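Observations on chain architecture
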Amino acid sequence: MTETLIACSQGTDHPQGRAAISGLVQALRREAHHRDVVSAYVDVQDPSIDEVVCATHGRRIIIPLLLSSGDQVGIDIARASDLDPMVSAVPPLGPDWILAEIGVGRLFEVGAGPDDTIVLASAESASRQALEDVSKAARLLSAVWGGRVHVGSIGGGDTPIAEAVDIARAYGRRVVVSTYLLAPGDFYDRLQGCGADVITAPLLDGGRPDPRLVSLVLARSRSQTSELA
């Protein structure tokens, strides 16, 4: 039986964001081996996740290309997975050690060092689970980085990123923001005015997707396949 992986992202009007997600999906297709990979979105772009579920057949696994739980996972993707008993959904990509490792790599790319104060910046969310996920992501980043990591939210839901940066300045050091976003977009554009000295690129920066990120997505799908076997 053919198995289809539905790579479901938030959706964006941002050209660089669209290109970055498309690059990740193309990389998944190259590595998926005998499994179809199709794109779907919860907002802004077409086709919607519901449309893709209805247009495909056989065993399908929805993989949220999202970094934390929230309404997209708990409502939109959960609803779509209930449309057909042959459809299941796996957890979002984060928090995960691989994302923390990539995040530390981004910090090294901008020249961050032990004398800097690090603030992890995430997209806003009103979901309690999403806030817990981001808190765990910060702990993982801290463990890999080897130093304290503060947390700020782009747009609300927790400590606003500009406020988190101001608090971080109390340490009298350079403030470096670790961007906890999958791809460029409106949230990343808004992050530019947060007042930090340096801001890292998102996990997808427009270049070739990090092989570890591709492997993480496929690992999510394989874990679901094992449960269904």
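First, a word on what this report is: a plain description of the structure on this page. (Residues numbered from 1 in each chain as written. Predicted model: local features only at pLDDT ≥ 70, side-chain atom pairs only at ≥ 80, totals over all residues. Heavy atoms only, no water.)

1. Section: the environment of Leu-120
We apply this condition: Secondary structure elements are taken from DSSP: a helix is a run of H or I of four residues or more, a strand is a run of E of two residues or more, and numbering for both begins at the N terminus. Only heavy atoms matter for contacts: two residues are in contact if any of them lie within 4.5 Å across the pair.
Tracing the backbone through its elements, the reader meets Leu-120 in strand β5 (residues 117-123). Counting along the chain gives 97 residues from Leu-120 to Gly-23, while the straight-line C-alpha distance between them is 24 Å. Once residues lying within four places of it in the same chain are set aside, the contact partners of Leu-120 are Val-134, Ala-137, Ala-138, Leu-141, Val-149, His-150, Val-151, Gly-152, Ser-178 and Tyr-180.

2. Observations regarding the sheet that holds strand β4 (residues 87-89)
Heads up, the condition is: If DSSP finds at least two bridges between two strands, the strands pair. To get an axis, fit a line to the C-alpha atoms, keeping to the stretch in contact for a helix; angles then go from 0 to 180 degrees between the N-to-C directions.
Pairing is parallel in the open sheet, where four strands are placed in the order β2-β1-β3-β4. Edge positions in the sheet fall to β2 (36-41) and β4, since each has one partner strand and no second. Neighbour-to-neighbour, the strand axes of this sheet turn through a mean angle of 25 degrees, independent of strand direction. Relative to β4, strand β3 (residues 59-64) runs parallel, the two sharing three bridges.

3. Things to note about the pairing of strand β7 (residues 175-180)
As a reminder of what qualifies: A simple rule labels every residue: compare its accessible area, found with a 1.4 Å probe on the protein chains alone, to the largest value its type can have, and call it buried under 20%, exposed over 50%, or partly exposed in between. Here is how to tell: hold the view so the strands point away, follow the path from the first strand over the helix to the second, and if it runs clockwise the crossover is right-handed.
The element β7 is extensively covered by neighbouring structure, given that six of its six residues are classed as buried. Here β7 shows a buried face lined by Val-175, Val-177 and Thr-179 and a second buried face lined by Val-176, Ser-178 and Tyr-180. Looking at chain direction, β5 and β7 are connected through six bridges and run parallel. In the sheet register, Val-119 faces β7, and the bridge partner there is Val-177. As paired elements, β7 and strand β8 (residues 198-199) share two bridges and run parallel to each other. When the bridges of β8 are listed, Val-176 appears paired with Val-198. For the crossover that starts at β7, traverses helix α7 (residues 186-191) and ends in the parallel β8, the hand is right-handed.

4. Quick notes on the state of the cysteines
To be explicit about the condition: Any two cysteine sulfur atoms lying within 2.5 Å of each other are counted as a disulfide.
Counted under the stated rule, the structure contains zero disulfides. Just so you know, Cys-8 is unpaired, no disulfide at all, and the nearest cysteine sulfur is the one on Cys-54, 13 Å from it. In this structure Cys-8 comes out as buried when scored by relative accessible area, which is 0%.

5. Focus: the pairing of strand β1 (residues 3-9)
Counting buried positions along β1 yields seven of seven residues, so the element is predominantly enclosed. Here β1 shows a buried face lined by Glu-3, Leu-5, Ala-7 and Ser-9 and a second buried face lined by Thr-4, Ile-6 and Cys-8. Direction of pairing for β1 relative to β3: parallel, over a ladder of six bridges. Paired with Thr-4 across the strands is Arg-60, a residue of β3. By the bridge criterion, six bridges tie β1 to β2 in an arrangement that is parallel. Counterpart to Ser-9 in the pairing with β2 is Tyr-41. You can see the chain leave β1, run along helix α1 (residues 15-31) and come back into β2, and the turn it takes is right-handed.

6. Looking at the pattern of salt bridges
To keep things clear, this is the line we draw: Salt bridge, as used here: a side-chain nitrogen of Lys or Arg that lies within 4 Å of a carboxyl oxygen of Asp or Glu.
In the structure shown here, the tally under the stated rule is 14 salt bridges. Residue Arg-220 pairs with Asp-96 through a salt bridge whose shortest N-O separation is 3.6 Å. Here Arg-220 is found in helix α8 (residues 211-228), whereas its partner Asp-96 is found in the loop between β4 and α4 (97-109), with 124 residues between them in sequence. Of the two residues, Arg-220 and Asp-96, both sit in the buried class. Linking Asp-210 and Arg-212 is a salt bridge whose minimum nitrogen-to-oxygen distance equals 2.8 Å. Under the relative-accessibility criterion, Asp-210 is labelled buried at 18%. By sharing partners, the salt bridges in this structure join Glu-3, Arg-35 and Arg-59 into a single network.

7. Here we look at the nonpolar core
Under the convention used in this document: The criterion is simple. A nonpolar core is a set of buried Ala, Val, Leu, Ile, Met, Phe, Trp, Tyr and Cys residues joined through side-chain atoms within 4.5 Å.
Leu-65 and Leu-213 are the most contacted members of the largest nonpolar core, which has 41 residues in total. At the level of elements, β1, α1, β3, α4, β5, α5 (128-145), β7 and α8 are the ones that each hand at least two residues to this core. The element that contributes the greatest number of residues to this core is α1, accounting for six residues. Dropping the residues within four chain positions of it, Leu-213 is found in contact with Leu-24, Leu-93, Ile-98, Leu-99, Ile-102, Leu-182 and Leu-204.

That's the geometry; what it means functionally is another story.
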